[in-house]
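Okay, here's what each chain looks like letter by letter:
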Amino acid sequence: MEKRTSKLSKTLPALLFAAVLLTSCEANPASDSTTSGGIVYTDSTAGDSTFNNSTETSAETSENTEPSIVEEVSEDETSKIEETSTPETDPPEEKEEPSVPSDEDIAAVSALISFDEPSAWYAFGDGGSRYYVFGENGKIITPETGKRTSVTYNYGSDGVLTLAAGEEEYSAVVTADGEAVVFTYSDGSTEKLTHITDDVKGFDVISDEDAKRKAAQYYISNLTFIVPMDQIDNVLTDNGDGTVTAELTVKETGETAAKLTFDRVTGDGTDINGNEININNLRK
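Participant: What exactly am I supposed to notice about the environment of Gly-159 here?
Facilitator: For Gly-159, the location among the structural elements is in the loop between β7 (152–155) and β8 (160–165). Accessibility expressed as a relative area gives 0% for Gly-159, which makes it buried. A sequence separation of 53 residues divides Gly-159 from Ile-106, and the C-alpha atoms of the two residues are 5.6 Å apart.

Participant: Can you help me understand the sheet that holds strand β4 (residues 128–134) in this one?
Facilitator: The strands that make up a sheet are held in pairs by hydrogen bonds between backbone atoms, and each pair lies either parallel or antiparallel. Pairing in this open sheet of 9 strands is antiparallel, and the strands run β6-β5-β4-β3-β11-β10-β9-β8-β7 from one edge to the other. The open sheet has two free edges, formed respectively by β6 (147–150) and β7, since each of these has just one partner strand. Taking each pair of neighbouring strands and ignoring which way they run, the sheet shows an average axis angle of 30°. The sheet contact formed by β7 and β8 spans 4 bridges and is antiparallel. What sits directly across from Tyr-155, in β8, is Leu-161. Relative to the sheet, helix α4 (residues 103–112) contacts β3 (119–125), β7, β9 (168–177) and β10 (180–185), its axis offset from that of β9 by approximately 95°.

Participant: So what exactly am I meant to see when it comes to the pattern of salt bridges here?
Facilitator: Between side chains of opposite charge, a pair can form as their charged atoms come close. Evaluation of the coordinates by the stated rule reveals 6 salt bridges. Put simply, Asp-210 and Arg-213 hold a salt bridge, and the shortest N to O gap is 3.3 Å. Here Asp-210 pairs with Arg-213, and both are found in helix α5 (residues 208–222), just 3 residues apart, close to one helical turn. On the basis of relative accessible area, Asp-210 is assigned to the partly exposed category, the value being 28%. Here Arg-264 makes a salt bridge to Asp-238, at a shortest N to O gap of 3.1 Å. With Arg-264 in the loop between β14 (256–263) and β15 (268–270) and Asp-238 in strand β12 (residues 232–238), this pair connects stretches of sequence that are 26 residues apart. Salt bridges sharing partners connect three or more residues here, namely Asp-208, Asp-238 and Arg-264.

Participant: Looking at this model, I keep getting lost on the packing of aromatic side chains. Mind explaining?
Facilitator: Given two aromatic rings, one states the distance between the centres and the angle between the planes to describe the pair. As enumerated under the stated definition, the model contains 10 aromatic pairs in all. When the ring of Tyr-122 is compared with that of Tyr-131, the centres are 5.1 Å apart and the planes differ by 55°; the resulting orientation is tilted. Tyr-131 matches Tyr-122 in its accessibility class, with the two residues each being buried. Ring geometry for Tyr-170 and Tyr-185: centres 6.0 Å apart, planes at 50°, overall tilted. You can see Tyr-170 sitting in strand β9 and its partner Tyr-185 sitting in strand β10, a full 15 residues away along the chain. Here Tyr-185 falls in the buried class, since its relative accessible area comes to 9%.

Participant: What exactly am I supposed to notice about α5 here?
Facilitator: Since one α-helical turn is 3.6 residues long, residues separated by three or four positions face the same way. For α5, spanning 15 residues, the distance from its first C-alpha to its last is 21 Å, which sits close to the expected 21 Å at 1.5 Å a residue. Buried within α5 are the following residues: Ala-211, Lys-214, Ala-215, Ala-216, Tyr-218, Tyr-219, Ser-221 and Asn-222. Of the surrounding secondary structure, the elements contacted by the buried residues of α5 are β12, β13 (243–250), β14 and β16 (276–278).

Participant: Sorry if this is basic, but what is going on with the nonpolar core here?
Facilitator: Most often, soluble globular proteins have nonpolar side chains that are buried together. Ranked by internal contacts, the top residues of the largest apolar core, which has 19 residues, are Phe-115, Tyr-132, Phe-134, Tyr-153, Phe-183 and Leu-193. Elements with a contribution of two residues or more to this core: β3, β4, β8, β9 and β10. If near-sequence neighbours (up to four positions away) are discounted, Tyr-132 is found in contact with Ser-119, Ala-120, Trp-121, Ala-123, Lys-139, Ile-140, Tyr-153, Leu-163, Phe-183, Tyr-185, Glu-191 and Leu-193. Ranked by size, the runner-up nonpolar core spans 16 residues in total, among them Ala-215, Tyr-218, Ile-232 and Ile-279.

Participant: Which parts of the structure should I look at to understand the confidence of the model for the chain?
Facilitator: As a general rule, the predicted coordinates of low-pLDDT regions are not to be interpreted in detail. Averaged over every residue, the pLDDT of the chain is 77; residues scoring 70 or more account for 64%. For residues 1–9, every residue scores under 50 in pLDDT, and the model assigns this stretch 0 contacts once sequence neighbours within four places are set aside. Low pLDDT, under 50, characterises residues 29–73; the stretch is placed with 12 contacts to residues that sit more than four places away or in other chains.

Participant: Any chance you could explain the layout of surface pockets here in plain terms?
Facilitator: Over the atoms, a rolling probe the size of a water molecule traces out where space has been left empty. The space that makes up the largest pocket amounts to roughly 320 Å³. Taken together, 17 residues form the lining of the largest pocket, with Arg-130, Ile-140, Thr-142, Thr-149 and Tyr-170 sitting closest to its centre. At the level of elements, β4, β5 (139–142), β6, β9 and β11 (190–197) are the ones that each hand at least two residues to the lining of the largest pocket. With 3 residues, the single largest contributor to the lining of the largest pocket is β4. Split into classes, the residues belonging to the lining of the largest pocket amount to 4 nonpolar, 7 polar and 6 charged. In this structure, the second largest pocket spans a volume of roughly 210 Å³. The wall of the second largest pocket is formed by 15 residues, among which Tyr-218, Asn-222, Leu-223, Asp-271 and Ile-277 lie closest to the centre. A total of 4 residues in the lining of the second largest pocket trace back to one element, the largest contributor, which is β14. Along the lines of polarity and charge, the residues of the lining of the second largest pocket split into 8 nonpolar, 3 polar and 4 charged.

Criteria and cut-off values
Residues numbered from 1 in each chain as written. Predicted model: local features only at pLDDT ≥ 70, side-chain atom pairs only at ≥ 80, totals over all residues. Heavy atoms only, no water. Helix = DSSP H or I, 4+ residues; strand = E, 2+ residues; numbered from the N terminus. Buried < 20%, exposed > 50% of the residue type's maximum accessible area, 1.4 Å probe, protein only. Pairing = 2+ DSSP bridges. Axes fitted to C-alpha atoms, helices over the stretch in contact; angles between N-to-C directions. Contact = heavy atoms within 4.5 Å. Salt bridge = Lys/Arg side-chain N within 4 Å of Asp/Glu carboxyl O. Phe/Tyr/Trp six-rings, centres within 6.5 Å; stacked < 30°, edge-to-face > 60°. Expected span 1.5 Å × (residues − 1). Core = buried A, V, L, I, M, F, W, Y, C linked by side-chain atoms within 4.5 Å. pLDDT = per-residue confidence, 0-100. 1 Å grid on protein atoms, 1.4 Å probe; cavity = no way out; pocket = protein on both sides within 12 Å on 5 of 7 lines; lining within 4 Å. Points joined across faces, edges and corners; volume = space filled by probe spheres on them. Nonpolar A, V, L, I, M, F, W, Y, C, P; charged D, E, K, R; others polar.

Following this line, the structure appears as structure tokens:
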């Protein structure tokens, strides 16, 4: 009996300690963290929640504090691509339509010219020089080549002139400018016409080729000291006023041997010294 009591007295404290420990565990469930020897024990659910919250917070902080290099580069590159693919260009020029002539314009033109009656006019404009012959046998003469093109004219009550040359047909608004007449075409180009004569019988124009030939003949025939023509350059310039200038220069020295300006129709003009000449009058 004493031995049993002795054994019980030895084991009773251990049993009491175990009971206290069990009671303590029940009072503190496993979901709570406990510390022992510096190690933190948590259940798996708590651990995952802590990690997820930490990751989300870290991502938010990164977005708020760090600049997005990828986005900046992407926007810059996109801008460069847009500039390259869509270069700046000037807007197309709008052609200005000719204005409709007023009744005053039509009356002024009618006082200057009748397209049905014979007359010859010199024209200069965006297309250079040319000559118009109006009336029954209408024509356009190109002075550079001397080409003659037959043309019919129809001047309407609206102040628009229709010109038909072969299969080609075009029109121009006609207005008056002092004693001159102005043609304004649908593309905006213009010509200013000045009256030459109403006597169109035998009307002719000196072409570029004829002008150079006549200048050479005048030089040879009318000047006392000459350089042979094979040593002369003969350059022609249209002056845009119905006259042309032929300048003859010595090839070797560039010296001007003769300079003759004359009218393509009459041949009247002046030499380099301002003396009056007629290109058709030859002394020899």
